[in-house]
Amino acid sequence: MSDTPVSGTESRGSGSPPTRVLAVVNQKGGVGKSTTAVNLTAALGDEGKRVLLVDLDPQGNATSGFGLNRNQREECIYNALLGDTPLKELIEPVEVPNVFVVPATIQLAGAEIELVSAFSRETKLKSVLESVLDDFDFIIIDCPPSLGLLTVNALSAANGVIIPVQCEYYALEGLSKLLESFKLVKTHLNPKLEVFGVLMTMFDGRTRLSQQVVEEVKDFFDETVFETVVPRSVRLSEAPSFGQPVTIYDPNGRGAVAYRSLAKEVISRG
C-alpha cells in the first residue's frame, strides 16, 4: 500500500507499554470467533488504541467484516508468511479510526500444507510481526477454526489468547484439546503465552441453559472469564454482511455495548 499507516511519525511513543498480541482462538466453529476479533478490534480503536487485526483464517471473515473485498486482492498475509512481501505493505486502514487490517484471501488455504516443509514453520508469524510491534498498542489475530499450523503460528506469536465460548450445549466440548495445544506451545515454543480471557458469547438471558453454561465455564476457568457477556443479537449477526463492525452498524445496540465493555476490560487487564 502506498500510504503506510505505521510510519515513524505515527508510531507509539518510546515509553508506551509492550504491545499486547492476542490470538482469538477456538477450534470449534460458530462460537463468535471472527465476530469477536472484528468488534473487539473496532472497540479498542474507539478507545483510542492503535490496533492491527491480522486475519489468519482462510475464510477471511474478519477481512470482509471490515468491508475489505477478499476477491480483489493480489496479496494477503500469505505473502508475508510464505513469500517475501514485507508485512507493512499488506496493512490497510479501515473505516474505524486507529484500526488497520492485514487481510486474508483464499490463498491462505494452502498455507497449512506449505508450512509443513518451511524452515521455522511454527514461528513464521512471530517473525513477520516483529517489524510492526512498536507501531500498535494491540495486535489481534483471528485464527482459523482448527488446531493446525496456522493456529500454532498464532499461539507462538501471541502473548495471550482470548477464547470465545458460546452459551449452548457442549460449550466445553473440545476445549480440553485446545488447552492441550496451548500447553504444548507454551512449553516448547512460547513460554510467555497465557490465557488472557474467556468470553461468553451468544448469551440468551431468557434461558436457564445460558446461565448454566456461564456458571460451568466460570467453574472451569475461574477468574480468567470476562465479566462482559456478549448477547445473542440479530443486529450483531447482520453487521458483517454490511462490511461493518457492530459499533458502526448498530452503535447503540446490545452487541456494540457489550464489545465496548469488553474493550475496557481488555485494556484494564493490561
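My aim in this report is to walk through the structure given alongside it, one point at a time.

Reading the values: rules and limits
- Residues numbered from 1 in each chain as written.
- Predicted model: local features only at pLDDT ≥ 70, side-chain atom pairs only at ≥ 80, totals over all residues.
- Heavy atoms only, no water.
- Helix = DSSP H or I, 4+ residues; strand = E, 2+ residues; numbered from the N terminus.
- Rg over C-alpha atoms; globule rule 2.2 N^0.38 Å.
- Buried < 20%, exposed > 50% of the residue type's maximum accessible area, 1.4 Å probe, protein only.
- Contact = heavy atoms within 4.5 Å.
- Areas by Shrake-Rupley, 256 points an atom, 1.4 Å probe, with all protein chains shown as cover.
- Lys, Arg positive; Asp, Glu negative; His and termini not counted.
- Charge placed at Lys NZ, Arg CZ, Asp CG, Glu CD.
- Pairing = 2+ DSSP bridges.
- Axes fitted to C-alpha atoms, helices over the stretch in contact; angles between N-to-C directions.
- Salt bridge = Lys/Arg side-chain N within 4 Å of Asp/Glu carboxyl O.

Take the overall build of the protein chain next. Within the protein chain one finds 11 helices and eight strands. In terms of C-alpha radius of gyration, the protein chain reaches 17 Å, essentially the compact-globule figure of 18 Å for 270 residues. Seen along its three principal axes, the alpha-carbon backbone of the protein chain occupies a region of about 50 × 40 × 40 Å. Within the protein chain, the proportion of its 270 residues that are buried is 53%. Taking as baseline every contact in the protein chain between residues at least 6 positions apart, the subset at least 24 positions apart corresponds to 79%. Surface exposure of the protein chain reaches about 12,000 Å², of which carbon and sulfur atoms provide 50%. The centroid of the 25 positive side-chain charges in the protein chain is displaced by 4 Å from the centroid of its 34 negative side-chain charges.

With that settled, the discussion passes to the sheet that holds strand 4 (residues 99–102). Strand order in the open sheet made by the eight strands is 3-4-2-5-1-6-7-8, with mixed pairing throughout. Each having just a single partner strand, strand 3 (92–93) and strand 8 (225–231) make up the two edges of the open sheet. Bridging between strand 3 and strand 4 involves two bridges; their strand directions are antiparallel. From the neighbouring strand, Glu-92 faces strand 4, where its bridge partner is Val-101. Helix 7 (residues 175–188) contacts strand 6 (160–166) and strand 7 (195–203) of the sheet and is inclined by roughly 175 degrees relative to strand 6. With respect to the sheet, helix 11 (residues 254–269) is in contact with strand 1 (20–24), strand 5 (138–142), strand 6, strand 7 and strand 8, its orientation differing from that of strand 8 by roughly 165 degrees.

This paragraph deals with the pattern of salt bridges. Across all of its chains, the model carries 14 salt bridges by this definition. For Lys-33, the salt bridge identified is with Asp-142, shortest N-O distance 3.1 Å. Of this pair, Lys-33 sits in helix 1 (residues 33–46) while Asp-142 sits in strand 5, and the two are 109 residues apart along the sequence. Take Lys-33 and Asp-142: they sit in the same class, and that class is buried. Taking the shortest distance from any N to any O, the salt bridge between Arg-73 and Glu-92 comes out at 2.7 Å. Placement of the pair is Arg-73 in the loop between helix 2 (61–65) and helix 3 (77–81) and Glu-92 in strand 3, with a sequence separation of 19 residues.

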